[in-house]
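Structural features, examined
Each chain is listed here by its residues.
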Amino acid sequence: MRILVVEDEPTLRGQLVEAIAAAGHTVESAGDGREGHYLGEQEDFDAVVLDLGLPMQDGLSVLRRWREADRRMPVLILTARSAWQEKVAGMDAGADDYLTKPFHMEELLARLRALLRRVGEHTSAQWRCGAIEIDTRAARVLIDGHPLALTSHEFKLLALLMQRKGEVLSRTELSEHIYAWDNDRDSNTIEVFVGRLRKKLPPGSIETVRGLGYRLVDVGSAT
Ligand code: CA
């Protein structure tokens, strides 16, 4: 994947570039808002790590301008400690996740993985698994051609299970996917959501793999 890092502090920028490259990605970087904005507007990236406090042009304006120009790549913003207003402003401007400085590089990489997983979901809009059909762009689910009403949590859960049909997904992975904004993720609530989703899907669609997690299986069509 191709990642853009926009951070003005040279030491941190170097660490970010190194860690993200070591995780197997191609990394481009910029040290100020003007160059960062230019790169993000002219080139395609799978995700961006964007510091909000930047010279030349602040990170919030960079993000707003990208979104206004319909640049939809996932953006993880870096905010100063205790500046909760910044996080709110960042979310409003179209950020997908945030991390407060100082942070552990491992956490940044985990957040980035979660964002990149969601990229696949946005580029491929439709999946089918037996009787279940999902259109992620229209946020619509059909069972044997009939519309199914789901809550947003149930929808996100089903979208990830569909995207990775046949794979076992752990509760932690599922909760990371559902609670991008929640720092108090609780993987136990995933059981509740899976239980509710199960009742709405053809019987046997979601398999529990003991000690590991859940898997979506093709149980065929009901008709
Ligand atoms: Ca800064």
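Placed above this text is the structure.
The structure presented is a predicted model; accordingly, all values stated were derived computationally and were not measured.

Moving on, we come to the pattern of salt bridges. Counted by the stated rule, this structure contains 15 salt bridges. A salt bridge links Lys-101 to Glu-7; its shortest N-O distance comes to 3.1 Å. Of this pair, Lys-101 sits in the loop between β5 (97-100) and α5 (105-123) while Glu-7 is found in the loop between β1 (2-6) and α1 (10-22), placing the two residues 94 residues apart along the sequence. A relative accessible area of 22% places Lys-101 in the partly exposed class. On the accessibility criterion, Glu-7 (1% relative accessible area) is buried. Between Glu-154 and Lys-200 there is a salt bridge, with its nearest N and O atoms 2.8 Å apart. Remark: Lys-200 occurs in helix α8 (residues 188-200) and Glu-154 occurs in helix α6 (residues 152-163); sequence separation between them is 46 residues. Given the relative accessible area of 2%, Glu-154 is considered buried. Salt bridges sharing partners connect three or more residues here, namely Arg-2, Glu-28 and Glu-43.

Cut-offs applied
- Residues numbered from 1 in each chain as written.
- Predicted model: local features only at pLDDT ≥ 70, side-chain atom pairs only at ≥ 80, totals over all residues.
- Heavy atoms only, no water.
- Salt bridge = Lys/Arg side-chain N within 4 Å of Asp/Glu carboxyl O.
- Helix = DSSP H or I, 4+ residues; strand = E, 2+ residues; numbered from the N terminus.
- Buried < 20%, exposed > 50% of the residue type's maximum accessible area, 1.4 Å probe, protein only.

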